[in-house]
Amino acid sequence: MAGRSKETVYVSSTYEDLKDHRAALRTALEKAQYDVECMEKYAAFHAPPVDKCLADVAACDVYVLLIAHRYGYVPQDGNPLRQSITELEYEQALDYGKPCLVFCVQDKHPWSPEWMDFDEPARGRLKALRARVTAAHGAGFFTTPEDLASQVQSALQARQRAAAPPPAPDARRIPFELPPAANTYFGRPAQRADLLDRLRCGQSAAVVGAAGMGKTALAAVVLADLLGLRGERLADSPFPDGVVFLDLYALQAQPEMVWDRLASRLHGEAFMQRAQPRQRATEACRGRRVLVVIEGAEVADGQTPRADLPTLLSVLSPENRTLVLTRSSAQVLPAQTVSLARALAPEDAAALLDDLTRDTLAPDLRQRVLTLLQGHPLALYWAGNLLARDDDDPALLIGDWERGALPSLSDPVNAGHTLRWLFDRSARSLDAPARQALGLCARLGAAPVPLALVEAGMGDDAREALKRLVQQGLMRREASLSAHWAFCHVLAHGYAREAIAAPEEGAQQRLADWLHEALPAVVGSSARPCAVDEAQVGRLLAHAQAVLLADPQGRLIRTLAGTLLYSVRNRLVELGYSTLTHRALVNVDAWFEQLLPSVARLTSMQRERGVILSRLGDVLSLQGDLAGALQTHRHALAIRETLVRSDTTNEDWQFDLGISHERVGAALFALGDMFGAFQAFLAKLVIIERLVQTDKKNLRWQRDLSVSHEKLGNVQLAKGDLPGALQTYRVALAIIERLVQLDTTNVGWQRHLSVSHEKVGNVLLAQGDLVGALPHYEHRLAICERLALVDATNAGWQRDLSVSLIKRAWVFEQQGDGQAALESAQAGLRITERLAALDPSNATWRNDLSWCRGLIARLSRLSPAA
């Protein structure tokens with residue numbers, strides 16, 4: 001889609017009944033230079049090709065849904081939920097995070113009975129679909145084909161104004177991430193020129209060589225030659241949309257982590273939060289002229305949980321280019337490869353050694369070293385730093401090496417033994433604090449380590465110790481971050497983990513205590529909903545995972561594991577960071593998996609395991625992985641059933657079991673299994689009713705009783721049973737109203753009450769009872785206004801207020817009060833504009849913004865005086 005001046009619009013509707021409307025709409029949009037995809041494209045087929053329809057929805061820029069009085073054709077093959085093509089297309093648009101514009105024919109507009117559904121189940125499913133989409137997105141209401149064309153065109157124009165990000169934020173989102181560079185680069189002129197030519201021509205490339213041969217340093221110097229050290233030549237290069245550096249050593253070649261990082265670097269953490277990582281990355285890469293640099297590609301070997309390289313790169317689009325750095329020539333095409341099979345030329349090796357030792361070696365010693373090192377870049381780097389120190393006699397060091405009869409560095413199989421000898425000799429020369437710092441850093445993962453965390457583990461000696469590690473060539477200061485250190489090479493990290501003893505138990509606890517304080521501070525002290533630095537949080541989560549994995553006894557459950565599972569998770573959910581939430585929960589899940597069996601079997605631990613799985617399932621559901629969510633929630637359900645059987649008097653465990661039934665029901669509901677969902681929700685209701693009978697003063701259970709009724713009402717609504725849903729929702733509303741009267745300060749109950757009013761209002765609106773719906777929307781609005789004042793940083797509450805204002809505007813519009821509708825919509829727009837300005841990459845807020853503007857444009861035509 002790159003290069004078009006207008007967007008591709010997919011028009012989804014039933015076929016025969018809306019032919020004239022689609023024709024008028026297509027003519028109007030094509031005149032405005034939009035690309036239009038609609039049913040007429042498939043006219044040659046006996047039945048619409050479902051796969052082709054869904055592929056076109058996935059590729060479109062905007063999805064437009066038209067609803068009249070027919071549910072539509074239901075494919076028989078591969079459609080267990082018996083959804084119409086129109087509803088399948090709508091589901092696809094949701095899965096891919098597409099902006100959805102919904103237009104329904106006005107109920108009072110004349111319509112031929114020939115094109116209306118009167119029989120079940122089509123009539124009920126149409127009602128449910130209409131109620132669902134109007135509640136989720138709002139709707140424009142059309143009459144004639146010309147009226148529809150005018151409304152859609154106005155909405156698209158308003159959306160374009162809303163969706164176009166401001167120039168400055170867009171420029172800041174162009175990433176420029178170079179690989180770590182050597183202090184000074186020597187040699188490889190032919191390979192340097194070859195790689196530069198390939199990249200200058202906009203080609204993908206690969207650098208292949210053994211460990212320590214300088215692949216990363218070569219990539220860094222060539223990219224700096226091409227793009228400038230700060231990206232000053234990026235705009236005029238073949239990669240104007242940026243450079244992303246993916247370190248597979250740090251990301252462990254795990255596909256979800258790799259894809260999420262790629263998407264976040266290109267579009268921000270909030271981009272397509274509800275989508276799965278593969279979808280996020282695919283959409284983030286689409287049409288982007290970006291270079292993706294892959295460090296450590298050889299670890300992408302396909303061994304679980306690692307993916308192979310083709311799988312990791314499967315999200316890229318044809319416009320993307322790659323620069324792969326790997327030890328394995330089998331992973332890349334020979335025609336794209338720059339090989340570093342040979343060591344540095346003698347003169348280049350000598351220049352590098354002289355630079356490292358500052359020309360202090362006597363000529364004979366210098367020659368002996370060069371003979372031993374054989375031009376191996378990493379060996380030169382480590383040995384040069386050793387020889388530059390004053391605490392060891394260079395002649396003795398060289399003599400030790402010569403007497404060791406170590407394997408040749410040119411031996412591809414055994415060179416690692418010699419590199420390990422050099423590392424061990426470097427580590428042996430360190431003083432105790434430096435060795436302690438090296439051991440701490442090695443066990444905090446591959447991400448750059450903040451000085452404050454090392455100080456927490458070992459005290460005030462940390463800074464000087466890290467300086468000595470830099471002098472020794474084992475670590476480097478991370479130039480892009482303040483007071484952070486990283487290993488100079490992946491081999492140094494691996495060797496340090498093997499050679500240096502693990503931190504003593506007290507140091508491990510101090511690391512956990514520091515992270516226990518730091519993580520909530522980073523995610524919880526935000527003054528604005530989207531001010532979290534996701535890169536910083538990601539690094540801290542990586543360190544937390546490393547600390548937890550060294551705790552098989554489960555001692556860190558109340559500090560670090562509990563912090564991630566509760567306070568950090570809760571705040572990330574509140575702010576809308578589902579990817580970071582998932583990472584935090586995966587960290588706790590991995591911690592539980594490595595606990596000693598005797599610890600993991602404890603009932604207290606099993607209870608926490610149920611919480612972990614339940615919350616993981618919630619995130620998977622939010623990201624669209626409904627099958628994964630269902631499986632995870634069923635695992636939690638099985639654990640909680642076992643706990644309840646072991647002690648039927650434990651009411652907390654009974655409540656947990658009810659929550660698991662509810663989560664399973666929600667997953668089944670989203671998958672379209674209404675019978676299974678109803679049974680699961682009913683099981684939850686039975687448990688909660690029993691608990692309420694045992695203790696009617698337990699307000700928490702009373703509140704959950706209201707939730708249980710709401711869930712059953714959702715199923716009734718989805719099945720088209722509007723009277724049944726209304727009755728059930730009113731039971732839920734009555735319960736939460738009583739609770740709020742008991743405690744008017746409970747903001748959680750206040751929000752629940754607002755949602756309950758909205759549900760009742762939605763059903764009444766779907767039944768055409770505008771007078772009855774309006775008071776419920778007014779109640780919800782009043783509550784949302786109060787909550788928005790309580791916490792202006794809570795993005796969810798702010799959006800609730802905006803949605804409430806828009807819902808009220810729809811009712812006013814249907815009642816014919818265009819002026820009141822316009823004023824309410826304008827108030828909602830002001831809130832939505834503030835949210836969208838906080839994070840222009842948030843697709844939900846941008847979609848809200850486009851809807852608000854489209855609604856206001858329509859209302860302005862109805863109320864010209866305004």
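Procedures and definitions
Residues numbered from 1 in each chain as written. Predicted model: local features only at pLDDT ≥ 70, side-chain atom pairs only at ≥ 80, totals over all residues. Heavy atoms only, no water. Helix = DSSP H or I, 4+ residues; strand = E, 2+ residues; numbered from the N terminus. Rg over C-alpha atoms; globule rule 2.2 N^0.38 Å. Buried < 20%, exposed > 50% of the residue type's maximum accessible area, 1.4 Å probe, protein only. Contact = heavy atoms within 4.5 Å. Areas by Shrake-Rupley, 256 points an atom, 1.4 Å probe, with all protein chains shown as cover. Lys, Arg positive; Asp, Glu negative; His and termini not counted. Charge placed at Lys NZ, Arg CZ, Asp CG, Glu CD. Core = buried A, V, L, I, M, F, W, Y, C linked by side-chain atoms within 4.5 Å. Pairing = 2+ DSSP bridges. Right-handed = clockwise from strand over helix to strand, strands pointing away. Axes fitted to C-alpha atoms, helices over the stretch in contact; angles between N-to-C directions. Phe/Tyr/Trp six-rings, centres within 6.5 Å; stacked < 30°, edge-to-face > 60°. Salt bridge = Lys/Arg side-chain N within 4 Å of Asp/Glu carboxyl O. Polar contact = N/O pair within 3.5 Å; in protein donor to acceptor, adjacent residues only side chain to side chain. Expected span 1.5 Å × (residues − 1). Parallel < 35°, antiparallel > 145°, perpendicular 65-115°, else oblique. Left-handed = near helix turned anticlockwise from the far one by under 90°. Nonpolar A, V, L, I, M, F, W, Y, C, P; charged D, E, K, R; others polar. Disulfide = S-S within 2.5 Å.

Participant: Describe the overall build of the chain, with residues and values.
Facilitator: For the chain, the count of helices and strands is 37 helices and 13 strands. In summary, the chain has a C-alpha radius of gyration of 31 Å against a globular reference of 29 Å for 866 residues, a match within 12%. Put simply, the chain has 866 residues, and 56% of those count as buried. The contacts in the chain between residues at least 6 apart in sequence include a share of 72% that link residues at least 24 apart. When the accessible surface of the chain is summed, it comes to about 36400 Å², and 52% of that surface belongs to carbon and sulfur atoms. Across the chain, the mean location of the 95 positive side-chain charges is 1 Å away from that of the 101 negative side-chain charges.

Participant: Tell me about the nonpolar core, and name the residues and values.
Facilitator: With 91 residues, the main nonpolar core has W382 and L438 as its most contacted residues. Those residues within four positions of L438 in sequence are excluded, and the remaining contacts are F423, L430, L469, L474, M475, F487, A496 and I500. Of all hydrophobic cores here, the second largest spans 42 residues; its members include V11, L18, Y63 and W111.

Participant: Provide a residue-level description of the pairing of strand β1 (residues 8-12), including the pertinent values.
Facilitator: Here β1 lies mainly inside the structure; 5 of its 5 residues are buried. Residues of β1 alternate between two faces, with T8, Y10 and S12 on one and V9 and V11 on the opposite face, all of them buried. When β1 meets strand β2 (residues 35-37), the two strands line up parallel, connected through 3 bridges. Residue pairing in the sheet places Y10 in a bridge with E37 of β2. You can see the chain leave β1, run along helix α1 (residues 19-31) and come back into β2, and the turn it takes is right-handed. As judged from the 4 bridges shared by β1 and strand β3 (residues 62-67), these two strands associate in the parallel manner.

Participant: Any chance you could break down the sheet that holds strand β6 (residues 205-208) for me, citing the residues and the numbers?
Facilitator: Sheet architecture is open: 5 strands sit in the order β7-β8-β9-β6-β10, paired in parallel fashion. Because the sheet does not close on itself, it has two edges, and the strands there are β7 (243-247) and β10 (337-339). Strand-to-strand, the axes of this sheet are offset by a mean angle of 15°, without reference to chain direction. In the sheet, β7 pairs with strand β8 (residues 291-295) via 5 bridges, with the strands oriented parallel.

Participant: I'd love a proper account of the sheet that holds strand β11 (residues 449-450), names of residues and values included.
Facilitator: Strand order in the open sheet formed by 3 strands is β11-β13-β12, and the pairing between neighbours is antiparallel. The open sheet terminates on both sides in strands that have one partner only, identified here as β11 and β12 (475-477). Bridge count for β12 against strand β13 (residues 484-487) is 3 bridges, and the pairing is antiparallel. Its bridge partner lying in β13, M475 is registered against F487. Each of β11, β12 and β13 is contacted by helix α18 (residues 432-442), which is oriented at about 80° to β13, the strand it contacts most.

Participant: Can you break down the packing of aromatic side chains residue by residue, with the values?
Facilitator: Considering all chains together, one arrives at 5 aromatic pairs under this definition. Judged by centre distance (6.4 Å) and plane angle (40°), the rings of Y63 and Y90 are tilted. Taken together, the positions of Y63 in strand β3 and Y90 in helix α3 (residues 85-95) put the pair 27 residues apart, joining distant regions of the chain. Ring centres 6.3 Å apart and planes at 55° place the aromatic pair W382 and Y495 in the tilted group. Of this pair, W382 sits in helix α15 (residues 377-388) while Y495 sits in helix α21 (residues 490-499), and the two are 113 residues apart along the sequence. What makes W382 buried here is its relative accessible area of 0%. Assessed through its relative accessible area of 10%, Y495 is described here as buried.

Participant: Quick rundown of the pattern of salt bridges? Include the residues and the values.
Facilitator: Under the definition given, this model contains 39 salt bridges. The partner of D194 in a salt bridge is R198, and the shortest N-O contact between them spans 3.0 Å. One end of the pair is D194 and the other is R198, both in helix α7 (residues 189-200) and 4 residues apart, which spans about a single turn. What makes D194 partly exposed here is its relative accessible area of 29%.

Participant: Any chance you could break down α18 for me, citing the residues and the numbers?
Facilitator: Every buried residue of α18 is listed here: A434, A437, L438, G439, L440, C441 and A442. Of the residues that open α18, the one with a side-chain oxygen 2.9 Å from the backbone nitrogen of A434 is D431.

Participant: How would you sum up the environment of L312? Please name residues and give values.
Facilitator: Its place among the elements puts L312 in helix α12 (residues 309-313). Sequence separation of L312 and R278 is 34 residues, and the distance between their C-alpha atoms is 9.1 Å. The contacts of L312, once residues within four sequence positions are left out, are L248, A253, P255, V258, W259, A300 and A307.

Participant: Got a sec to walk through helix α31 (residues 699-718)? Specific residues and values, please.
Facilitator: Two residues of an α-helix separated by three or four positions point the same way, owing to the 3.6 residues in each turn. With 20 residues, α31 extends 29 Å from end C-alpha to end C-alpha; this agrees with the ideal 28 Å at 1.5 Å per step. Buried residues dominate α31, accounting for 15 of its 20 residues. If you check the start of α31, you find a side-chain oxygen 3.1 Å away from the backbone N of R700, and it comes from N698. Immediately beyond the C-terminal end of α31, within one or two residues, lies G720, with a positive phi of roughly 85°.

Participant: Any chance you could break down the side chain of N385 for me, citing the residues and the numbers?
Facilitator: Among the structural elements, N385 can be located in helix α15. In this structure N385 comes out as buried when scored by relative accessible area, which is 11%. When sequence neighbours within four positions are dropped, the list of residues in contact with N385 reads L356, Q471, Q472 and G473.

Participant: Give a description of the packing of α7 against helix α8 (residues 215-227) that names residues and reports values.
Facilitator: In contact at an axis separation of 10 Å, α7 and α8 are set at 55° when each is read in the N-to-C sense. Taken together, the axes of α7 and α8 lie oblique to each other. Between α7 and α8 lies a crossing of right-handed hand. On α8, the residues that touch Q191, R192, L195, L196, L199 and R200 of α7 are L218, A219, V221, V222, L223, D225 and L226. Considering only residue class, the contact of α7 with α8 consists of 9 nonpolar, 1 polar and 3 charged.

Participant: I'd love a proper account of the pairing of strand β9 (residues 321-326), names of residues and values included.
Facilitator: Counting buried positions along β9 gives 5 out of 6 residues, so the element sits mostly inside the fold. Taken together, the 4 bridges between β8 and β9 define a ladder with parallel strand orientation. The residue bridging L291 from the neighbouring strand is R321, located in β9.

Participant: How would you summarise the state of the cysteines if you had to cite specific residues and measurements?
Facilitator: Summed over all chains, the structure comprises 0 disulfides. Of the cysteine sulfurs around C784, a residue in no disulfide, the closest is that of C852, at 14 Å. A relative accessible area of 1% places C784 in the buried class.

Participant: Give me the lowdown on the packing of helix α13 (residues 346-357) against helix α14 (residues 363-373), citing residues and values where you can.
Facilitator: Between α13 and α14, the least distance of the axes is 11 Å, while the angle of their chain directions is 120°. By the angle class used here, α13 and α14 are oblique. Read as a crossing pair, α13 and α14 show a hand that is right-handed. For the pair α13 and α14, contact is made by A349, A350, L353 and D354 and by R366, V369 and L370, respectively. Residues belonging to the contact of α13 with α14 are distributed by class as follows: 5 nonpolar, no polar and 2 charged.

Participant: Talk me through the environment of H582; I want residue IDs and the actual numbers.
Facilitator: Along the chain, the position of H582 falls in helix α25 (residues 578-593). C-alpha of H582 to C-alpha of L548: the two residues are 34 residues apart in sequence and 16 Å apart in space.

As far as function goes, none of this settles anything; it's purely spatial.
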